[in-house]
Amino acid sequence: MKTPKKGVNTICAHVGELKDKEFKGAVSPLYMSTSYEFEDVEVKRYPRYFNTPNQEALGKKLAALENTEAAMIFGSGMAAISTALMSFLQAGDHVVFQQTLYGGTYNFAVTQLEKYGISFSFTNGWGIPDFEKEIKPNTKVIFIETPSNPLLTVTDLKGIAQLAKSRGLLTMIDNTFASPINQNPGNFGIDVVLHSATKYMGGHSDICAGVVATSNENMEKIFQTAICFGGSLSDYTVWLLERSIKTMGIRVKAQNENAMKMAKYLSVSDDVENVYYPGLEIHPDHDLAKSQMNGFGGMLSFELHSGIDVSQFFKQLKLIKPSMSLAGIESTVLSPTKTSHALMSPGDREKQGIKDSLIRFSLGIEETEDLIQDIEQAINQVKSMQVPA
Ligand SMILES: *Cc1c(COP(=O)(O)O)cnc(C)c1O
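Each chain has its residues counted from 1, running along the sequence as written. For a predicted model such as this one, the threshold for reporting local features is a pLDDT of at least 70, and the threshold for listing and counting side-chain atom pairs is 80 or more; totals across whole chains, interfaces and linings nevertheless cover every residue. In computing side-chain values, all of the structure's heavy atoms are included and hydrogens and water are not.

Peer 1: Is there a simple way to think about helix 4 (residues 103–112) in this case?
Peer 2: Each turn of an α-helix holds 3.6 residues, which means side chains three or four residues apart point in the same direction. Regarding helix 4, the residues found buried are Thr105, Phe108 and Ala109. Down the axis, helix 4 shows its buried residues gathered within 95° of arc, on one side only. The buried label applies to any residue whose accessible area, calculated with a 1.4 Å probe on protein chains only, is under 20% of its type's maximum; exposed applies above 50%, and partly exposed to all values in between. To qualify as a helix, a DSSP run of H or I must reach at least 4 residues; to qualify as a strand, a run of E must reach at least 2; elements of each kind are numbered from the N terminus. Taken from the helix axis, the directions to the C-beta atoms give the arc we talk about.

Set out below in structure tokens:
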């Protein structure tokens with residue numbers, strides 16, 4: 001009989017944990033050793049070989065969460081993303097990237113790949129035909145990101161996997177915005193799942209880390225590249241990340257609920273022009289999101305009415321923090337025009353539907369009553385300042 005898959009919070013709390021045989025402590029012991037015995041042992045352990053006791057333990061938890069055979073932890077999301085890409089690409093190859101891509105990944109593509117003789121294309125949208133159109137005879141990898149930043153568009157996981165398989169291509173996804181709680185792309189046939197663990201996995205805005213989850217066969221290739229690039233994470237931070245992930249299921253559930261409540265509140269507010277959240281029925285990708293996500297996520301974006309200045313609005317917020325990063329237990333807002341998409345020309349931004357009035361909202365775990373009150377008082381402040389006395 002096959003053992004039934006454990007519940008997601010049981011996985012978060014327990015899978016992979018190391019037993020403290022000596023003192024019977026409640027949590028995994030931390031092994032900071034960079035040197036291990038080499039004689040009469042099964043595994044030659046070394047941090048940059050991604051096989052210390054704490055790295056292996058957390059890898060088991062992450063693989064269980066993504067329902068993949070293997071998972072490996074990196075020093076940052078970008079270490080995971082760049083290492084994974086370089087494991088499957090060589091001079092002469094081509095990669096198709098989804099247009100709406102995390103800024104760091106976009107930067108990696110445009111500043112690094114050509115040096116290695118690797119060419120790339122960006123899609124014009126996120127529908128299956130948009131990807132199909134960019135495939136060339138030398139394409140090896142399709143790279144997607146869903147839900148995307150900042151407009152939360154949703155890409156069809158099954159459709160992408162089918163397209164790639166029919167052309168013999170490998171698929172990679174940046175699954176950071178969803179977290180493994182809301183979306184498991186491996187279940188839909190996506191080959192390599194990538195995370196910035198700096199976001200929902202860490203969850204408290206105090207850990208920088210990355211994750212790759214995939215099959216044993218793919219992981220062997222990634223491992224060979226990873227030991228050369230050396231992007232491993234310190235065992236102390238691995239241990240902290242294990243602790244953070246114990247509460248990821250309940251944190252993300254609370255963040256999903258807050259995002260849904262705030263999306264509903266904002267969509268009926270007189271001061272708000274548009275709300276982008278896949279959980280809302282009016283979102284164009286709502287049905288697709290429903291079919292492939294377990295929850296709609298803790299990220300949304302919205303546009304204030306043109307009369308309300310975004311910078312002034314941010315200055316008046318007392319509880320919600322204007323902040324670069326996302327996914328912490330504290331609610332934060334950001335202006336894509338001024339940060340993540342600042343280097344893009346206004347024309348390109350407009351093509352992607354990113355207006356100056358757009359605000360990306362990362363929901364924390366606070367009570368929504370308090371968040372609503374903060375937004376309302378900030379809007380009222382800005383309005384009172386703008387009305388001539
Ligand atoms: C933050 C982020 C990354 C990069 O992760 P780092 O941990 O900062 O290297 C990649 N993709 C997405 C979607 C992100 O939000």
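Structure's up, so let's keep going.
Peer 1: How should helix 8 (residues 216–229) be read in this particular structure?
Peer 2: The span you would expect from a helix comes to 1.5 Å times its residue count less one. For helix 8, which comprises 14 residues, the first-to-last C-alpha distance of 20 Å matches the rise-based estimate of 20 Å (1.5 Å per residue) to within 8%. Along helix 8, the positions that sit buried rather than exposed are Asn218, Met219, Ile222, Phe223, Thr225, Ala226 and Ile227. By definition in these notes, contact holds between two residues if any of their heavy atoms fall within 4.5 Å. Packed against the buried residues of helix 8 are strand 1 (70–74), helix 3 (77–88), strand 5 (170–174), strand 6 (192–196) and strand 7 (210–214). Gly230, located one to two residues past helix 8, shows a positive phi value of around 70°.

Peer 1: What is the right way to read the pattern of salt bridges from this model?
Peer 2: Opposite charge on two side chains permits them to pair, given that their charged atoms come into close proximity. Think of a salt bridge as a Lys or Arg side-chain nitrogen and an Asp or Glu carboxyl oxygen that are within 4 Å of each other. What the rule picks out here adds up to 8 salt bridges. Between Lys19 and Glu17 there is a salt bridge, with its nearest N and O atoms 3.8 Å apart. Judged by relative accessible area, which is 57%, Lys19 ranks as exposed. Measuring nitrogen to oxygen at the nearest pair gives 2.7 Å for the salt bridge that ties Asp271 to Lys383. A residue pair is termed long-range when its members are at least 10 positions apart, and Asp271 in the loop between helix 10 (248–267) and strand 8 (272–276) and Lys383 in helix 14 (residues 368–386) qualify at 112 residues. Exposure remark for Lys383: the relative accessible area of 34% places this residue in the partly exposed category.

Peer 1: I'm lost on the pairing of strand 5 in this one. Help?
Peer 2: Side chains on a regular strand alternate between the two faces of the sheet. Most of strand 5 sits out of view: 5 of its 5 residues are buried. Bridge count for strand 4 (residues 139–145) against strand 5 is 5 bridges, and the pairing is parallel. Pairing of Phe143 across the sheet is with Met172, part of strand 5. By the criterion used throughout, a crossover qualifies as right-handed when its path from the first strand across the helix to the second strand runs clockwise, the strands pointing away from the viewer. You can see the chain leave strand 4, run along helix 6 (residues 157–166) and come back into strand 5, and the turn it takes is right-handed. Between any two strands, pairing holds if DSSP finds at least two bridges. Pairing geometry for strand 5 and strand 6, over 3 bridges, is parallel.

The analysis is restricted to geometry; functional conclusions fall outside its scope.
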